[in-house]
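Coordinate inspection notes
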Amino acid sequence: MASYHMGLKMRVVCSSLIYNKILKLSPSSLRKSTPGYIINLLSGDINAFERVGFLLHMLWVCPLQAVLFLYLVWTKMGVASTFGIGFMVMFIPVYVLLGSILKKYRLKVSTRRDERIRLTNELIQGINVIKMYAWEKPFAEIISTFRKLEVDSMKKSTYLKGLFTFNEILIATSIFITIISSVILNDAFEATAVFVTMNLFSSLGLTVTSFFPLSVAVLAELRISLKRISAFLQSQEIDLCAKSEDNESAVVITSGFAKWDEDGNRNTLTDINIHIKKKSLTALIGAVGCGKSSLFQVIQGELRLSIGQLCVNGSLSCAAQEAWIFSASIRQNILFGSEMDEERYMKVIDCCALETDLKLFPHGDQTIVGERGASLSGGQKARINLARCVYKKADIYLLDDPLSAVDSRVGNHIFENCIRAFLNEKTVLLATHQLQYLAYVDYVIALDEGAVQMQSSEKELEASKFDLSRYLSQDQSASRTHLDSMLKPGKVETHTQVQEARKSGFISIGTYKRYLFASNNPLFVICTVLSFVFAEMCISGSVYFIGHW
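What counts as what
- Going along each chain's sequence as written, the residues are numbered from 1 onward.
- Where totals are concerned, whole chains, interfaces and linings use all residues; where local detail is concerned, this predicted model gives features only for residues with pLDDT of at least 70, and gives and counts side-chain atom pairs only at 80 or more.
- Side-chain measures here rest on the full set of heavy atoms in the structure, leaving out hydrogens and waters.
- Under the scheme used here, helices are H or I runs from DSSP no shorter than 4 residues and strands are E runs no shorter than 2 residues, and both carry numbers assigned from the N terminus.
- A simple rule labels every residue: compare its accessible area, found with a 1.4 Å probe on the protein chains alone, to the largest value its type can have, and call it buried under 20%, exposed over 50%, or partly exposed in between.
- Here, two residues are considered to be in contact whenever any of their heavy atoms come within 4.5 Å of each other.
- With residues, only the protein chains shown are counted as cover, and all accessible areas are computed by Shrake-Rupley using a 1.4 Å probe.
- Two strands are counted as paired when DSSP detects at least two bridges linking them.
- In this description, a line fitted to the C-alpha atoms serves as the axis of each element, helices being fitted only across the stretch in contact, and the angle between N-to-C directions of two axes falls anywhere from 0 to 180 degrees.
- Angle categories: roughly parallel below 35 degrees, roughly antiparallel above 145, roughly perpendicular from 65 to 115, and oblique for all the rest.
- The nonpolar class holds Ala, Val, Leu, Ile, Met, Phe, Trp, Tyr, Cys and Pro. Asp, Glu, Lys and Arg form the charged class, and all remaining residues, Gly among them, are polar.
- The criterion is simple. A nonpolar core is a set of buried Ala, Val, Leu, Ile, Met, Phe, Trp, Tyr and Cys residues joined through side-chain atoms within 4.5 Å.
- N or O atoms closer than or at 3.5 Å make up a polar contact, with two conditions inside protein: a donor-capable atom paired with an acceptor-capable one, and, for residues adjacent in sequence, both atoms drawn from side chains.

Some points on the overall build of the protein
Across its full length, the protein holds 21 helices and 9 strands. Burial status across the protein gives 41% buried among its 549 residues. Sequence separation of 24 or more characterises 81% of the internal contacts of the protein that already satisfy a separation of 6 or more. Of the accessible surface of the protein, which amounts to about 31300 Å², a share of 59% is contributed by carbon and sulfur atoms.

A short note on the sheet that holds strand E2 (residues 269-277)
The strand order across the open sheet built from 3 strands is E2-E1-E4, with neighbouring strands paired in antiparallel fashion. Edge strands, defined here as strands with exactly one partner in the open sheet, are E2 and strand E4 (305-312). Taking each pair of neighbouring strands and ignoring which way they run, the sheet shows an average axis angle of 5 degrees. Pairing of strand E1 (residues 249-258) with E4, which is carried by 6 bridges, proceeds in the antiparallel orientation. By the bridge assignment, Ile 253 is partnered in E4 with Leu 310.

Some thoughts on helix H14 (residues 342-351)
Within H14, burial applies to Arg 344, Tyr 345, Val 348, Ile 349 and Cys 351. Looking at the packing, one finds that the buried side of H14 touches helix H13 (330-335), helix H15 (355-360), helix H16 (378-391), strand E6 (396-400) and helix H17 (408-422). Backbone geometry just downstream of H14 places Ala 353 in the positive-phi region, at approximately 60 degrees.

Some details on the packing of H14 against H17
Two elements in contact, H14 and H17, have axes whose closest approach is 8 Å; the angle formed by their N-to-C orientations is 140 degrees. By the angle between their axes, H14 is oblique relative to H17. The segment H14 lies against H17, with Arg 344, Lys 347, Val 348, Asp 350 and Cys 351 engaging His 413, Ile 414, Asn 417, Cys 418 and Phe 422. Residue classes in the contact of H14 with H17 are distributed as 5 nonpolar, 2 polar and 3 charged.

Here's the deal with the nonpolar core
One finds Ile 334, Cys 352, Leu 386, Leu 399 and Phe 415 to be the most contacted residues of the largest nonpolar core, which totals 45 residues. Those elements that place two or more of their residues in this core are strand E3 (281-285), H13, H14, H16, E6, H17, strand E7 (427-431) and strand E8 (443-448). Per element, the largest residue contribution to this core is 6 residues, and it comes from H16. Of all hydrophobic cores here, the second largest spans 24 residues; its members include Cys 290, Leu 295, Val 298 and Leu 447.

What about the packing of helix H5 (residues 58-77) against helix H6 (residues 80-89)?
Packing of H5 against H6 leaves a shortest axis separation of 8 Å and a crossing angle of 145 degrees. Here H5 contributes Leu 70, Val 73, Trp 74 and Met 77 to the contact with H6, which in turn contributes Ala 80, Ser 81, Thr 82 and Ile 85. Its residues placed into classes, the contact of H5 with H6 shows 6 nonpolar, 2 polar and no charged.

Topic: the side chain of Asn 385
Along the polypeptide, Asn 385 turns up in helix H16. Residue Asn 385 is classed as buried on the basis of its relative accessible area of 6%. Within the structure, Asn 385 has its side chain in polar contact with the backbone oxygen of Ala 320 (distance 3.2 Å). Polar side-chain contacts of Asn 385 include one of 3.0 Å to the side chain of Arg 388. Apart from residues lying up to four places away in sequence, Asn 385 is in contact with Ala 319, Ala 320, Ala 323, Trp 324 and Ile 325.

So, in structure tokens, the structure goes:
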């Protein structure tokens, strides 16, 4: 039992390591580690630790027991016992070979399961497009094909595992060989010696032909699981930002080069040199795809600098360009695990222009927003996403174009009450396409094709007569405004939490019947049951025959 508890602890530790690693993965590692691969690690690979705590000891216990039982059988049956034990031990290399073959099939099963789960996850992600074009049947056939490949590997693996269950046949055969050898050698033996030998062979057979091969198979699975888990735990993590000795600087990037594709030749950001002072409002402007979001990823440490140095002084809070909403209440989406501060919470609701929306929701901020905010409009998602960022107490706030998903009235309200007023004493870096707000910021950084074209204060910008017309024309044509008015919101589809239905009592016979005939081949099920009965009759009959003899 202590060994089993140790195995459970190992499983819990590995699960914790995997969960913590997920939170630290870099974007490049996330692209390689698909959700199906991670789910398979947590649901399949770590299960080997439960059995290894007990079965791993059998690798050294079994040989010692074999020597001890050999001595005890020798005292009862003499030289004839070596033939029976030799026959039993002869199958140990066969089981070791089966274990190595089983390891290969275990790897195939894991790989094909990863592919199936990855494909299923992508299908669910794009289910709206699939439904719109009526592509359900073709994609269902693709999923079925991957599932058949997985099941084929599982069948072969299961057949090999089934060979490990022939211990009863080997035990009976070994006893038969021992007794026949004793008769041929004309060794005198008594009935008591025969029954003691049978008990010793049963114990030895259970160890040698069951526990030992099973421990070999589990060890083979464990090696594959450890290899897969180790490869995942060694994936690239987010870089921790260095701290600058300059107390007046919030973010400093010196000669920064970065690219998403590490094997590619094209840099996403080129020769970035920026200096953002503390308690300042800095606007980041540029055309769509110029590298604004990538620069935010660099500051957060999610995109590694291939060349250059990054220094960040203070904690970060970021509002991504694409709002991320999880299935919970609006309050839970805003708090995101932080402690409830009623005064700060109400201020955030007001400055993010959510007060009117909450009054229209049937349950206020306790309304369930649905999966990925299904009941919310684009602007409501953006404002809740912004509220989550603002509610968190941090030193530096990264706002990635939060004004593009709202109309001009709501945009003015958020800029004046949230960005300029509520975050007045904080460092704010605002990526925006709304160039009319540049007159109210402290500094402006212009990006073009991943390079900094200009960095200056608002007054220096006016004096330099920098041409903003090209940014204005590009941004107006590319900006995607949803015109989400907080005075005329759409119809809200409410989601209620339904308690899971449970049924108590005995399992009906019909359930067992459906389970047994789920293979759609009743003859196969009947033959399998009859083979089990025949095997048990043979094993019991052999013991009865020896007793009668």
